[in-house]
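Chain residues, written in single-letter form:
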Amino acid sequence: TGLTLADNLIQWKGAQHVPRRDYFPGNEATMNRQLAKFEIAYSREVSRSAQRARLLATLAGLSSRQRMSFGQAVAEITKNALSHAGGGVVEFWIVDREGTQLIEIVVRDQGPGIEDVDFPDREIAAKPSGRPSGIARSRDSVERFSIDSTPNQGTVVRLGQSVPGGVLLSEDVL
């Protein structure tokens, strides 16, 4: 279409510049832009979060397969927040680190937490098919993934995907 990601994202009103350490170990984010944030209280927000993730991935120039996988991973994690914690919040970010941009989706809840964040790997090993499901499938579907969880204090899951070269956001547009 000839439009940059920034041109397309003009519809995402209220983007915020929020300095924070990004979740990729050992790297300092230079600028982060929160594009959207909404509560997960009903099953329709699971679909909405997946649709937004796919839209953002489309605007960022990801392949059809990457867009679908990214949307499915976000849907799975938001569904978990709704099922296990009664809801939460999903945030859509662009992380800009030294000229490299990442799409980041953050799902937060205040549920019971996950005592054993390595459980998905053992779950896969125990399955006859050896195929991942749930959290493990979400982790395997994206480029960057992390879970921070403390029992009885909730969970924060971060999913990230690199934006292909040549698609850069302009601070002026946002």
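Bear in mind that the values here come from a model prediction, so they are computed numbers and not experimental data.

1. Focus: the packing of helix α2 (residues 43-59) against helix α3 (residues 64-85)
In step 1: Their axes nearest at 8 Å, the elements α2 and α3 cross at an angle of 150 degrees. Considered as vectors, α2 and α3 are oriented roughly antiparallel to each other. Seen from above, α2 lies across α3 with right-handed handedness. Contact residues: Ser43, Val46, Ser49, Ala50, Ala53, Arg54, Ala57 and Thr58 in α2; Arg67, Met68, Phe70, Gly71, Val74, Ala75, Thr78, Lys79 and Leu82 in α3.
In step 2: Residue composition of the contact of α2 with α3, grouped by class: nine nonpolar, five polar and three charged.

2. Examining α3
In step 1: Spanning 22 residues, α3 covers 31 Å between terminal C-alpha atoms, matching the ideal 32 Å at 1.5 Å per step.
In step 2: Of the positions making up α3, those classed as buried are Ser69, Phe70, Gly71, Ala73, Val74, Ala75, Glu76, Ile77, Thr78, Asn80, Ala81 and Leu82.
In step 3: Residue Gly86 follows α3 closely and has a positive phi angle near 80 degrees.

3. Considering the confidence of the model for the protein
In step 1: Across the protein, the average pLDDT comes to 76, with 67% of residues at 70 or higher.
In step 2: Ranking the elements of the protein by mean pLDDT puts strand β1 (residues 16-17) last, at 41, and α3 first, at 94.
In step 3: Scored below 50 in pLDDT, residues 1-27 shows 66 contacts in the model against residues more than four places distant or in partner chains.
In step 4: Counting interchain partners and residues more than four positions distant, the pLDDT-below-50 stretch residues 169-174 has 17 contacts.

4. A few points about α2
In step 1: The terminal C-alpha atoms of α2, which comprises 17 residues, lie 25 Å apart, in line with the 24 Å expected from a rise of 1.5 Å per residue.
In step 2: Residues of α2 that are buried include every one of Glu45, Val46, Ser49, Ala50, Ala53, Leu56, Ala57 and Leu59, and no others.
In step 3: Two residues or fewer past α2, Gly61 is found with a positive phi of approximately 85 degrees.

5. Quick word on unusual backbone geometry
In step 1: Positive phi, close to 65 degrees, is recorded for Asn152, a residue that is not glycine.
In step 2: Relative to the helices and strands, Asn152 resides in the loop between β5 (144-150) and β6 (154-162).
In step 3: Overall, the relative accessible area of 68% leaves Asn152 in the exposed class.

How each quantity is defined
Residues numbered from 1 in each chain as written. Predicted model: local features only at pLDDT ≥ 70, side-chain atom pairs only at ≥ 80, totals over all residues. Heavy atoms only, no water. Axes fitted to C-alpha atoms, helices over the stretch in contact; angles between N-to-C directions. Helix = DSSP H or I, 4+ residues; strand = E, 2+ residues; numbered from the N terminus. Parallel < 35°, antiparallel > 145°, perpendicular 65-115°, else oblique. Left-handed = near helix turned anticlockwise from the far one by under 90°. Contact = heavy atoms within 4.5 Å. Nonpolar A, V, L, I, M, F, W, Y, C, P; charged D, E, K, R; others polar. Expected span 1.5 Å × (residues − 1). Buried < 20%, exposed > 50% of the residue type's maximum accessible area, 1.4 Å probe, protein only. pLDDT = per-residue confidence, 0-100.

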